[in-house]
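Below, each chain spelled out in residue letters.
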Amino acid sequence: MTDVPGPTIRTLDSTVVYTNPWMSVREDRIERPDGSHGIYGVVDQIDFALVLPMENDGFHLVEEYRYPVRRRTWNFPQGGVKDSPSPLVTAHTELTQETGLRAASMTHLGRLDNAHGTTGQHFDIFLATDLTAGAPDREHTEQDMRQEWVSRTELERMILRGAITDSGSIAAYTMFLLRGTA
């Protein structure tokens, strides 16, 4: 496929309409290529890292209650660190915080857009190996989090039966498979 530059939308002005410690929402007045005007709502959040902690042909997952979807969900450890010097540092921090694991090896598998119709947020995917166990150091908001190791076969079953619905985790596992790191 060839990259064909698309029409450019021009921002006329931008107003932050909501903010909290994790995100802000802005409303941009725009002008489309045909000259028509409109608005675009954008959610601004810091980029994050998503980590696939792999050992013994399986992965460590975390589960917690996710308020927006009103249920507990399984996913790979992930999160953002404000003012982090790099995605790699963020990956190590999130892995240790959420699972207590430390990785002697972190392999960058790729960088993806997260919900590109709503936000400019990106996430970096890392494969963590040569793991050493330790105590997690979870944030207060992660107090109900739990961790479990699952085999690759069980991970794939969890995806197929809807036990893992986090799009970032599924995309990360796909990247893992396509990179041939399996």
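Our structure is the block above this text.
Computed from a predicted model, the values in this text were never measured in an experiment.

J.: Could you give an account of the nonpolar core, with specific residues and numbers?
T.: When a protein is soluble and globular, its nonpolar side chains tend to lie buried together. Counting 20 residues, the largest nonpolar core has Leu52, Phe59, Leu61, Phe76, Leu155 and Phe176 as its most contacted members. Among the elements of the structure, strand E4 (48-55), strand E5 (58-66), strand E9 (122-132), helix H2 (152-160) and helix H3 (167-178) are those that each provide at least two residues to this core. Not counting residues within four places of it along the chain, the set of residues in contact with Phe76 comprises Leu50, Val51, Leu52, Pro53, Phe59, His60, Leu61, Val62, Leu155, Ser169 and Tyr173. If you look at the next biggest cluster of nonpolar residues, it comprises 10 residues, including Val51, Ala91, Phe126 and Ala128.

J.: Describe the sheet that holds strand E1 (residues 10-19), naming the residues involved and giving the relevant values.
T.: The antiparallel open sheet is built from three strands, whose spatial order is E1-E2-E3. The two strands at the open ends of the sheet, each matched to only one other strand, are E1 and strand E3 (37-44). Adjacent strand axes in the sheet meet at a mean angle of 25° when their direction is disregarded. Bridging between E1 and strand E2 (residues 24-31) involves eight bridges; their strand directions are antiparallel. Bridge pairing in E2 links Asp13 to Arg29.

J.: How would you summarise H2 if you had to cite specific residues and measurements?
T.: Three or four residues apart is the spacing at which side chains of an α-helix point the same way, because the helix has 3.6 residues per turn. Looking only at H2, the buried set comprises Arg152, Leu155 and Met158. The buried residues of H2 occupy one face: seen down the axis, they fall within an arc of 120°. Phi turns positive one or two residues past the end of H2, at Gly162, with a value near 85°.

J.: Run through the packing of aromatic side chains, naming residues and quoting values.
T.: We describe a pair of aromatic rings using the distance from one ring centre to the other and the angle between the two ring planes. In the structure shown here, the tally under the stated rule is five aromatic pairs. For the pair Phe48 and Phe123, a centre-to-centre distance of 4.9 Å together with 10° between the ring planes defines the contact as stacked. In this pair, Phe48 sits in strand E4 while Phe123 sits in strand E9, placing the two residues 75 residues apart along the sequence. Take Phe48 and Phe123: they sit in the same class, and that class is buried. Both rings, one in Phe59 and one in Phe76, keep their centres 5.6 Å apart while their planes meet at 75°; by these two values the pair is edge-to-face. With Phe59 in strand E5 and Phe76 in the loop between strand E6 (71-75) and strand E7 (78-79), this residue pair connects regions lying 17 residues apart in the sequence. Take Phe59 and Phe76: they sit in the same class, and that class is buried. Put simply, the rings of Phe59, Phe76, Tyr173 and Phe176 touch in pairs and so form one group of aromatic residues.

Rules of the game
Residues numbered from 1 in each chain as written. Predicted model: local features only at pLDDT ≥ 70, side-chain atom pairs only at ≥ 80, totals over all residues. Heavy atoms only, no water. Core = buried A, V, L, I, M, F, W, Y, C linked by side-chain atoms within 4.5 Å. Buried < 20%, exposed > 50% of the residue type's maximum accessible area, 1.4 Å probe, protein only. Helix = DSSP H or I, 4+ residues; strand = E, 2+ residues; numbered from the N terminus. Contact = heavy atoms within 4.5 Å. Pairing = 2+ DSSP bridges. Axes fitted to C-alpha atoms, helices over the stretch in contact; angles between N-to-C directions. Arc of directions from axis to C-beta. Phe/Tyr/Trp six-rings, centres within 6.5 Å; stacked < 30°, edge-to-face > 60°.

The analysis is restricted to geometry; functional conclusions fall outside its scope.
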